[in-house]
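Commentary on secondary and tertiary structure
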Amino acid sequence: MKKLLLPASLSLLALTAAIPLSASAEYSVTDEVKVLQGFQAGGGSDALAQLAQPFLRDILGVNFVNEYIPGAAGAIAWTRLGNQSPKDGSVISITNTPMLMTNYIINDAINYNIDQLTPIANVVTDPGVIVVHPDSPYQTIEDLLQAAEENPGRITIGNSGVGGDDYFSTIMVENATGLKFEKVPFSGDGPSATAAMGGQIDASFNNVGIVYGHITADSLRPLAVFSEERLPMLPDTPTLKEVGYDVVNGSSRGYSAPAGIPDEARDELIAAFEELATNEEFLALAEERAFYIDIITGDDYMDMMKRMEETFIEIWENVEDDA
Amino acid sequence: MDSSMLLAGILNVLTWWNLLLIVGGTLLGMFVGAMPGLSATMALALLLPITFSMDPGAGLSMLASLYVGASYGGSIAAILLNTPGTPAAAATVLDGYPLSQQGKAGKALGISLFASFCGGLMSGIALLVAAPLLGILVLKFGPIELFAVAVLGITIIGSLSQGSVVSGLLSGGIGLLVSTVGMDLITGTPRMTFGHMNLFSGISFTVALIGLFSIPQALLLIEKSGLSVKRVANKITDRLLPKLKDIKGLMPNICRSGVIGIITGLIPGTGGDTASWFAYNEAKRFSKDKSRFGKGDVAGLAAPEAANNSVVGGSLIPTIALGIPGSSSTAILLGALMVHGILPGPNLLTEHGEVTYTLIWAVIVANFALLAVGLMFTRLCVSVTKVPDGFVACAIIVLCVVGSFAINNSFFDVGLMFAFGLFGYWMIKAGMSPAPMVVGLILGPVMETSFQQSMLIGGGTFMVFVQSPIALCLLLLAAFSVIQSTPLLGAVVSKFKKPA
């Protein structure tokens, strides 16, 4: 039985090894915060936890303990956060948007929603990007849209799965342009990018953080980004707004607590993330690990979620009407 | 290939401290592999943060050796307890456990260790010399080709049907049916979930596997322990080191299985669980005496073991040549590379050659460590067969509960595991083999998803499968496999033979 505890003790060891000790205890409600993760250890959410939590621990003087509850695209963990967690600030969760909302928009059986949460802070946003095979005939985003106009519903666009940000980006482009694509879902961003590299699909709607290495190595070519402004790392790639379509989308990750936590807990957590936004060491490490820091705290994070929820509910109603 | 990077890579690995880490990593990997439910992916994810502070050589050596160790570890429980420690060891059960029942547990473990070593070494060498070359092949496998691979895999069900073909097909069919539970990838509609959120991502394959193999085995042991008071303790008189004669006979089989493992590993979407069944099936196809399979044939043991260890190198090929992780385990190894300032992409072998070659050498060295550590420890493991059946049965059930819980930290999965366990027990009593069901469970999702994607890509016509040369070859091979196992082939062959 002693041996069975090894993985558990390993994860504890991991926590203590990665985090330098701090003496100041500034988080007043508890001395240990449980972080629910809706995805497997080692995935994108976990990578954020490994990046941010050592710094948060120093700022707040509390331990962060990760609990992995994968399944149903994060919905199992978020249901637990919204419906079954103590509302004292001792449990928070990494919340992925738009997945957090699209889960329950698409699926009636999922019964949590963002009103049951206290959004603390968004931390990273990975902007959407359209990539094609380097030898693709489509040199610009206009070429791709032109092709879709000539062959309605025959241009194949890969996405990371139904309900994911790339799936909705595709519909948003369809709505903005009045065109129709053939949407091919894959099980994740990686397989969708690989299919574009292999030339099996015409284009992949993906995320910059996933494909940046392939873009720099010329195994994928970017056509457009879904951000407000051009990205510093892709200065030659136009935004969709420049081309005349107001589509901004990406995949974001942040932290949320259950609704109804004490005000002091909420304020202290938000202050910690605001401090994180100015921490040079943190920002440097984030850049090294290819994270796009986009810290939005408190009410602004709630507004961001509300806006997304509204947009995606509308989009999904149209999709269902078409079906 | 830049030889200075090659050298720098091996020098990074070969320090005393790193060798120690490799032995430690291998041991940990073997342990994790032997425990049903604890997977290499899980252990890698937990170990990853520890390696953040190490230098690249040390960190990668430890992670690679853990991966290699876990790929072998699964077979220990499979051979001794009839409970595969990892999904990739499911095929090992078929001939491994009968050998151990015949009192040849030591021999079985020795052969499995040696086959694993050979398979792992082969794939390490392939990784070292041919990664960029084989990497090109990876991109040729899109959804259309993957569908053909899955169809070929499904034909294995036919050859696994020991005794009654009908019950074998039924078992495979149930596996395929169960694999459809969960969200439809294309439409997002939940199917057969009864509105239950825990079923939305489908039935975890490992949960089903643990239930199907381990619980029936525990129940059978309990039945037995009540009956015979006088129990003959398995004397382990047989030697662990395989005889040279045995190895010579197995070498073609091991090489074939190793190649199967490398190729299956490099195709994104298929891994050790698929490769071991492919290798088992081919070993049976090439064998002169097929009737011995499933009753303790060493060829049926060596094939899946060589294959599932050669998957390690195979699945690293797309990771290293293209920056595409071929499996969830290699995705974490890619994460380890990223910590050392490397962005995933196809320039791992050129710009970041030193760190990448360190990883490759670590895989190769870890295989030697596996052979050494394995020889020391399997003798210890064999003593499990001396423990009375009742105790073993209880231990198995405890491991099953812990293992099925650990996968998703979910009690629902524990219940599901017991449900599969009872079903598996009934299957054995009804004379139905669970092996075809496992194949159906593994390949069902691959086949369904890739079929739907192919239809979307090809505009809804079946011609896409004919237009792809790779898919066409694989589908023809599948058709041949089906015909070969029916009386039709015999009839055709005998017609041609008569005049001669």
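Residues numbered from 1 in each chain as written. Chains lettered and ligands numbered in written order. Predicted model: local features only at pLDDT ≥ 70, side-chain atom pairs only at ≥ 80, totals over all residues. Heavy atoms only, no water.

Here we look at the domain arrangement of chain A
All names here are of chain A. Its domain assignment divides chain A into domain 1 (31–126 + 252–320) and domain 2 (127–249). The straight-line distance from the C-alpha centre of domain 1 to that of domain 2 is 26 Å. Between domain 1 and domain 2, the residue contacts involve 11 residues of the former and 18 residues of the latter. In total, domain 1 and domain 2 occlude about 1,200 Å² of area from one another, counting both sides; carbon and sulfur atoms represent 73% of this. On the domain 1 side of the contact with domain 2, Asp126, Tyr292 and Ile315 bury the most area, a combined 47% of that side's loss. (Domains from an automatic or database assignment. Contact = heavy atoms within 4.5 Å. Buried area = accessible area lost by both parts, 1.4 Å probe.)

As for a negative patch on the surface
On the surface, Asp108(A), Glu310(A), Glu314(A), Glu317(A), Glu320(A), Asp321(A) and Asp322(A) cluster together to form a negatively charged patch. Residue Glu314(A) is classed as exposed on the basis of its relative accessible area of 52%. (Patch = residues over 30% accessible without salt bridge, like charges linked within 9 Å, V, L, I, M, F, W, Y side chains within 5 Å. Areas by Shrake-Rupley, 256 points an atom, 1.4 Å probe, with all protein chains shown as cover. Salt bridge = Lys/Arg side-chain N within 4 Å of Asp/Glu carboxyl O. Lys, Arg positive; Asp, Glu negative; His and termini not counted. Charge placed at Lys NZ, Arg CZ, Asp CG, Glu CD. Buried < 20%, exposed > 50% of the residue type's maximum accessible area, 1.4 Å probe, protein only.)

Looking at helix H8 (residues 208–216) of chain A
Buried within H8(A) are the following residues: Val208(A), Val211(A), Tyr212(A), Gly213(A), His214(A) and Ile215(A). Where H8(A) is buried, its residues meet strand E4 (117–132), helix H7 (189–197), strand E7 (203–207) and strand E8 (221–225) of chain A together with helix H13 (298–322) of chain B. Remark: Asp218(A) follows H8(A) within two positions and exhibits a positive phi of approximately 60 degrees. (Helix = DSSP H or I, 4+ residues; strand = E, 2+ residues; numbered from the N terminus.)

Quick word on the interface of chain B and chain A
Taken together, the contact pairs 48 residues of chain B with 46 residues of chain A. A combined buried area of about 4,000 Å² lies between chain B and chain A, and 70% of that area is made up of carbon and sulfur atoms. In this structure, the connection of chain B to chain A is made through four residue pairs in polar contact (both at pLDDT 80 or more). Within the residue set of the side of chain B that touches chain A, elements represented by two or more residues are helix H2 (16–34), helix H3 (40–51), helix H6 (105–140), helix H7 (143–154), helix H14 (328–339), helix H16 (389–408) and helix H18 (435–457) of chain B. Sort the elements by how many residues they give to the side of chain B that touches chain A and H3(B) lands first, with five residues. The class makeup of the residues in the side of chain B that touches chain A is 32 nonpolar, 14 polar and two charged. (Polar contact = N/O pair within 3.5 Å; in protein donor to acceptor, adjacent residues only side chain to side chain. Nonpolar A, V, L, I, M, F, W, Y, C, P; charged D, E, K, R; others polar.)

Re the packing of helix H4 (residues 56–81) of chain B against H6(B)
Residue and element names in this part refer to chain B. Following both chains from N to C, one finds H4 and H6 inclined at 160 degrees, their axes separated by 10 Å at the closest point. As summarised for this structure, H4 and H6 are arranged roughly antiparallel, according to the angle between their axes. Here H4 runs over H6; the crossing is right-handed. Within the contact between the two elements, H4 uses Tyr72, Ser75, Ile76, Ile79 and Leu80 and H6 uses Ala105, Ala108, Leu109, Ser112, Leu113 and Ser116. For the contact of H4 with H6, a count of residues per class yields eight nonpolar, three polar and no charged. (Axes fitted to C-alpha atoms, helices over the stretch in contact; angles between N-to-C directions. Parallel < 35°, antiparallel > 145°, perpendicular 65-115°, else oblique. Left-handed = near helix turned anticlockwise from the far one by under 90°.)

Let's talk about the packing of aromatic side chains
With the rule as written, the count across this model stands at 18 aromatic pairs over all chains. When the ring of Phe451(B) is compared with that of Phe465(B), the centres are 6.3 Å apart and the planes differ by 10 degrees; the resulting orientation is stacked. Of this pair, Phe451(B) sits in helix H18 while Phe465(B) sits in helix H19 (residues 463–467), and the two are 14 residues apart along the sequence. Within the aromatic cluster, the residues linked to one another by ring pairs are Phe39(A), Trp78(A), Tyr104(A) and Tyr112(A). (Phe/Tyr/Trp six-rings, centres within 6.5 Å; stacked < 30°, edge-to-face > 60°.)

A closer look at the pattern of salt bridges
One side chain can pair with another of opposite charge once the charged atoms of both are near each other. Residues and elements named next belong to chain A. The tally for this structure, following the rule as stated, stands at 17 salt bridges over all chains. Among the ionic pairs, Glu228 bridges to Lys241, the shortest N-O distance being 2.6 Å. Taken together, the residues Glu228 in the loop between E8 and helix H9 (240–243) and Lys241 in helix H9 connect sequence positions 13 residues apart. Taking relative accessible area as the criterion, Lys241 reaches 34% and is therefore assigned partly exposed. Residue Asp299 is joined to Arg266 by a salt bridge in which the shortest nitrogen-to-oxygen separation is 2.9 Å. A residue pair is termed long-range when its members are at least 10 positions apart, and Asp299 in helix H12 (residues 298–322) and Arg266 in helix H10 (residues 263–276) qualify at 33 residues. One network of salt bridges, with partners in common, ties together Lys34, Glu67 and Arg80.

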